[in-house]
Amino acid sequence: MSRRYFGVFLAALLLIAGASLLFFSHGIDPNGDAVGYVDAMSALANPNLLSLEKGPRDIFAIHRLLTTSLSIEAVRISSYVSGSIVVGWLVWNLILFFLINLLWYRLLERMFESARVAFLGGLFFAGNYAMITAGLGNFMDIGGWTFYVLSLFALFSYTQTGRKRDLWLSALAIAVGGLFKENGYVAFVPLTAVLAYESFPSPLRFLKEITPLAAIIALPAAIHHWYIYDTYGYYYSYWYRLNQEVYHYPSRLGEYIKSLGSLLTFLAPLSLIGAVVWIRGLLKKITLTDVFIASVLVSSIPALMWPGITQRVLFMVVPGATLLACLVFKKYERYTPVFFALLILYLLGAFCMD
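Computed from a predicted structure; not experimentally measured.

### Focus on the overall build of the protein chain
Argument step 1. What the protein chain contains, in helices and strands, is 19 helices and zero strands.
Argument step 2. Taking 354 residues into account, the globule formula puts the C-alpha radius of gyration at 20 Å, and the protein chain, at 20 Å, falls close to it.
Argument step 3. Taken along the three principal axes of its C-alpha coordinates, the protein chain extends 60 × 55 × 45 Å.
Argument step 4. The buried share of the protein chain, reckoned over its 354 residues, is 51%.
Argument step 5. Long-range contacts, defined as pairs at least 24 residues apart, comprise 78% of the intrachain contacts of the protein chain with a sequence gap of at least 6.
Argument step 6. On the protein chain, roughly 16,400 Å² of surface is accessible, and the fraction owed to carbon and sulfur atoms is 68%.
Argument step 7. Taking the average place of the 25 positive charges on the side chains of the protein chain and the average place of its 19 negative ones, the gap between the two points comes to 12 Å.

Structure, rendered in structure tokens:
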């Protein structure tokens, strides 16, 4: 049964990826973010091409070098091999698309000890609107998402086995993932939460555990940020201030409702029911898995605080929402046909939205 679900899941991933290529544009939009990434690829060979004094286009490219350096390098290499930036970018995104979703499936299968739950939760994750558009589009977000999930996978393995090497892998995934896209760094929240829970009530034990892992994450980031500042005089807070100046909404609450509603659609009610199930369980007993789920939810808060409100940024809410929905899939397995029906509507909605 487990192999059957996994085989169907793989087939579904192929269909989702193919449908994304059919329904959505994957070319270089001259007015989109892709231009900054392409400029940054050129600057890898010649840093003198870019300067803050030249204007917004160069600033955007320098920012991409700061926040997505490994993604840019990966796409550049893939493009060189394929002979086309469009093809190379798509190939790289497809590799990450399958990697992240297979990792997510395995994580759910371990957490909930059910191939059926992993299948449902995996497809709600893989078929999300932001995944099939931005994840497989000319953006770099999927790099950060993938290493975020890899870190979660390794961390949850640690909660089950106690193997220290899983902790080191989790930290290394954060360190590398943050250089693919800065959203990868938020996986530090679950890592910290799990170690704090295990170390309680001893702060010394917690510091002993977290310090070397934090060093693994912080040192590469600090060196890279210093290099960009030394080369271009650019630092990350400039981008945050710029976004605060650019993005203004008549109602931020209304914008959140619109963006999260279109991002989550039929996943939202399942997640809300799952939150009730989860909280009821917490009132009886708090386990390490509960801490893990809570920390994944908390790790989405930085995305909610970003000045620009868009589904691509808010995708960091989806992992936590999916975990809550999986609690429902597990508890009410007799209603699986209903969950499958909602999944089909969810997938159709994602592909039919503009």
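### Quick word on the layout of surface pockets
Argument step 1. For the largest pocket, the calculated volume is near 990 Å³.
Argument step 2. Forming the boundary of the largest pocket are 39 residues, of which Lys181, Glu182, Trp239, Trp306 and Val313 lie nearest the centre.
Argument step 3. Those elements that provide at least two residues to the lining of the largest pocket are helix H2 (34-45), helix H3 (56-67), helix H8 (141-161), helix H12 (236-246), helix H16 (301-305) and helix H17 (311-314).
Argument step 4. When residues in the lining of the largest pocket are grouped by element, the largest group, six residues, is from H3.
Argument step 5. When grouped by side-chain class, the residues that make up the lining of the largest pocket number 20 nonpolar, twelve polar and seven charged.

### A word on the pattern of salt bridges
Argument step 1. The full count for this structure, using the stated rule, is eleven salt bridges.
Argument step 2. Note that Asp166 and Arg163 form a salt bridge whose closest N and O atoms lie 3.2 Å from each other.
Argument step 3. Overall, Asp166 belongs to the buried group, its relative accessible area being 7%.
Argument step 4. Its relative accessible area of 34% is what places Arg163 among the partly exposed residues.
Argument step 5. For Lys164, the salt bridge identified is with Glu209, shortest N-O distance 3.0 Å. Of this pair, Lys164 sits in helix H9 (residues 164-180) while Glu209 sits in helix H11 (residues 203-232); the two residues are 45 residues apart in sequence, bridging distant segments of the chain.

### Comments concerning the side chain of Ser51
Argument step 1. Tracing the backbone through its elements, the reader meets Ser51 in the loop between H2 and H3.
Argument step 2. Only 2.7 Å separates the side chain of Ser51 from the side chain of Glu53, close enough to count as a polar contact.
Argument step 3. Contacts of Ser51, omitting those with residues within four sequence positions, involve Asp58 and Ile62.

### Side note on the environment of Ser82
Argument step 1. Relative to the elements of secondary structure, Ser82 occurs in helix H4 (residues 69-82).
Argument step 2. Note on Ser82: relative accessible area 35%, which makes it partly exposed.
Argument step 3. Sequence-distant contacts of Ser82, defined by excluding residues within four places in its chain, comprise Val87 and Gly88.
Argument step 4. For Ser82, the side chain forms a polar contact with the main-chain oxygen of Ser79, separated by 3.3 Å.
Argument step 5. At a separation of 3.2 Å, a polar atom in the side chain of Ser82 contacts the main-chain amide nitrogen of Gly88.

### Notes on H4
Counting along an α-helix, one turn takes 3.6 residues, and residues three or four places apart therefore face a common direction.
Argument step 1. Here H4 contains 14 residues, and its C-alpha end-to-end distance of 20 Å stays within 8% of the 20 Å for a straight helix at 1.5 Å per residue.
Argument step 2. Along H4, the residues that are buried comprise Ser69, Ser71, Ile72, Ala74, Val75, Ser78 and Ser79.
Argument step 3. Packed against the buried residues of H4 are H2, H3, helix H5 (85-112), H8, H9 and H11.
Argument step 4. Note on H4: the residue one or two positions beyond its end, Gly83, has a positive phi of about 85 degrees.

The rules we used
Residues numbered from 1 in each chain as written. Predicted model: local features only at pLDDT ≥ 70, side-chain atom pairs only at ≥ 80, totals over all residues. Heavy atoms only, no water. Helix = DSSP H or I, 4+ residues; strand = E, 2+ residues; numbered from the N terminus. Rg over C-alpha atoms; globule rule 2.2 N^0.38 Å. Buried < 20%, exposed > 50% of the residue type's maximum accessible area, 1.4 Å probe, protein only. Contact = heavy atoms within 4.5 Å. Areas by Shrake-Rupley, 256 points an atom, 1.4 Å probe, with all protein chains shown as cover. Lys, Arg positive; Asp, Glu negative; His and termini not counted. Charge placed at Lys NZ, Arg CZ, Asp CG, Glu CD. 1 Å grid on protein atoms, 1.4 Å probe; cavity = no way out; pocket = protein on both sides within 12 Å on 5 of 7 lines; lining within 4 Å. Points joined across faces, edges and corners; volume = space filled by probe spheres on them. Nonpolar A, V, L, I, M, F, W, Y, C, P; charged D, E, K, R; others polar. Salt bridge = Lys/Arg side-chain N within 4 Å of Asp/Glu carboxyl O. Polar contact = N/O pair within 3.5 Å; in protein donor to acceptor, adjacent residues only side chain to side chain. Expected span 1.5 Å × (residues − 1).

Spatial relationships are all this shows, so hold off on functional conclusions.
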